[in-house]
Amino acid sequence: MSAVIGRVGVVGGGQMGAGIAEVCARAGLDTVLCEVDAVAARAARDRVAGSLARAVRRGKLTSQAADDALVRLVFSSSLEDLADRQLVVEAVIENADAKTEIFTALDKIVEDPAAVLATNTSSLPVMRLGMATSRADRVIGLHFFNPVPVLPLVELVTSLHTAPQTVAAVRDFATQVLGKTVIQSQDRAGFVVNALLVPYLLSAIRMAESGFATAADIDTGMELGCAHPMGPLKLADLIGLDTVASIAESLYDEFKEPLYAPPPLLQRMVEAGLLGRKAGRGFHTYDQG
């Protein structure tokens, strides 16, 4: 890197993108969050403001620190506003075509040839995104976990082209600036965490689908029988059933193992818009108030 990372951009203001922008702003960084239009940008601002307010209520953040973080954030509807960024993290929908389009555009817009373009993908190949740019050596996977302000882990995913200095700079950024713990993975679908987690979630979905046990009993069994903080179907609801299905499809496409294939019930729930907590209903029902 030509300089210490101080200017960060985030593309996508959903649950993950808003969380990434929040932790960057809380770390004192000049942060720009870019959304598809002004309405979505305002919604992203509300999402960040709500998260900061919750952190204040829980005693995790002072009111002044929350105000300062929000001041450091700029919400935009133009990718052009990311031109001067030293690091841009893409956090749009888990769709290969959408992400590739973003990387192609960022490659033309971000002016500093030493700037890093990172993806928060859960499972898609980092190599594919890197090859959509003229700087594959500066492209890396930087996979945060939801909720980003709370969970301490980040997966660092390197493609065959990612330069060692890119890895070192992003590792230092994640650990020393954001205070995260980093684990490193090769560029394989699912990386470390989802390659282990998603087959477990799919097994729980198949168990519910077959009528073997209810969703409530499956979750209670794993929470009280295995000391898991959250049962697999509650966790799938929290992640988002559309995201779980997308990761499963990526894993199956890469490895062709039956345990990775998304069960029919999961596919039907996604088609029905029953996406979990964010939709108010998935395997469980949630209060949206």
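Structural data are supplied above this passage.
Rules and cut-offs
Residues numbered from 1 in each chain as written. Predicted model: local features only at pLDDT ≥ 70, side-chain atom pairs only at ≥ 80, totals over all residues. Heavy atoms only, no water. Helix = DSSP H or I, 4+ residues; strand = E, 2+ residues; numbered from the N terminus. Rg over C-alpha atoms; globule rule 2.2 N^0.38 Å. Buried < 20%, exposed > 50% of the residue type's maximum accessible area, 1.4 Å probe, protein only. Contact = heavy atoms within 4.5 Å. Areas by Shrake-Rupley, 256 points an atom, 1.4 Å probe, with all protein chains shown as cover. Phe/Tyr/Trp six-rings, centres within 6.5 Å; stacked < 30°, edge-to-face > 60°. Salt bridge = Lys/Arg side-chain N within 4 Å of Asp/Glu carboxyl O. Pairing = 2+ DSSP bridges. Axes fitted to C-alpha atoms, helices over the stretch in contact; angles between N-to-C directions. Core = buried A, V, L, I, M, F, W, Y, C linked by side-chain atoms within 4.5 Å.

**Student:** What is the right way to read the overall build of the chain from this model?
**Tutor:** Of regular secondary structure, the chain possesses 11 helices and eight strands. Here the C-alpha radius of gyration of the chain, 19 Å, is about what a compact globule of 289 residues would show, namely 19 Å. Its C-alpha atoms put the chain at 55 × 45 × 35 Å along the principal axes. In the chain, buried positions account for 50% of the 289 residues. Sequence separation of at least 24 residues holds for 67% of the intrachain contacts in the chain that already meet a minimum separation of 6. Carbon and sulfur atoms make up 55% of the accessible area of the chain, which amounts to about 13,100 Å² in all.

**Student:** Would you mind showing me how to read the packing of aromatic side chains here?
**Tutor:** Aromatic ring pairs are defined here through the distance separating the ring centres and the angle between the ring planes. Summed over all chains, the structure comprises one aromatic pair. Geometrically, the ring pair formed by Phe 255 and Tyr 260 is tilted, given 5.6 Å between the ring centres and 40° between the ring planes. A relative accessible area of 13% means that Tyr 260 is categorised as buried.

**Student:** Can you help me understand the pattern of salt bridges in this one?
**Tutor:** Between side chains of opposite charge, a pair can form when the charged atoms approach closely. Applying the stated criterion across every chain, the model contains 10 salt bridges. Among the salt bridges present, the one from Asp 84 reaches Arg 85, with a minimum N-O distance of 3.0 Å. A residue is classified by how much of its surface remains accessible, and Arg 85, at 3% relative accessible area, is buried. A salt bridge links Lys 99 to Glu 90, with the shortest nitrogen-to-oxygen separation between them at 2.4 Å. Taking the relative accessible area as the measure of exposure, Glu 90 reaches 0% and is therefore buried. Bridged by salt links that share partners, the residues Arg 7, Asp 30, Asp 84 and Arg 85 form one connected network.

**Student:** Looking at this structure, how should I read the sheet that holds strand 1 (residues 7–11)?
**Tutor:** Spatially, the eight strands line up as an open sheet ordered 3-2-1-4-5-6-7-8, and their pairing is mixed. Lying at the two open borders of the sheet, with one neighbouring strand each, are strand 3 (73–76) and strand 8 (181–186). Strand after strand, the sheet turns through a mean of 25° between neighbouring axes, direction not considered. In terms of strand pairing, strand 1 meets strand 4 (residues 87–90) through four bridges, oriented parallel. From the neighbouring strand, Gly 9 faces strand 4, where its bridge partner is Val 88. Here helix 6 (residues 164–177) sits on the sheet and contacts strand 1, strand 4, strand 5 (116–119), strand 6 (139–144), strand 7 (153–158) and strand 8; the angle it forms with strand 8, its principal contact strand, is near 150°.

**Student:** It is not clear to me how the nonpolar core should be interpreted in this structure. Could you clarify?
**Tutor:** Looking at soluble globular proteins, one finds that nonpolar side chains tend to be buried together. The biggest cluster of nonpolar side chains holds 40 residues, and the ones touching the most others in it are Ile 20, Leu 142, Phe 144 and Phe 173. At seven residues, the largest contribution of residues to this core is made by helix 1 (residues 15–26). Leu 142 has contacts with Val 89, Ala 118, Thr 119, Asn 120, Val 154, Glu 155, Leu 156 and Val 170, leaving out every residue within four places of it along the chain. Counting residues in hydrophobic clusters, the runner-up holds 22 residues, among them Ala 189, Ala 248, Leu 274 and Phe 283.

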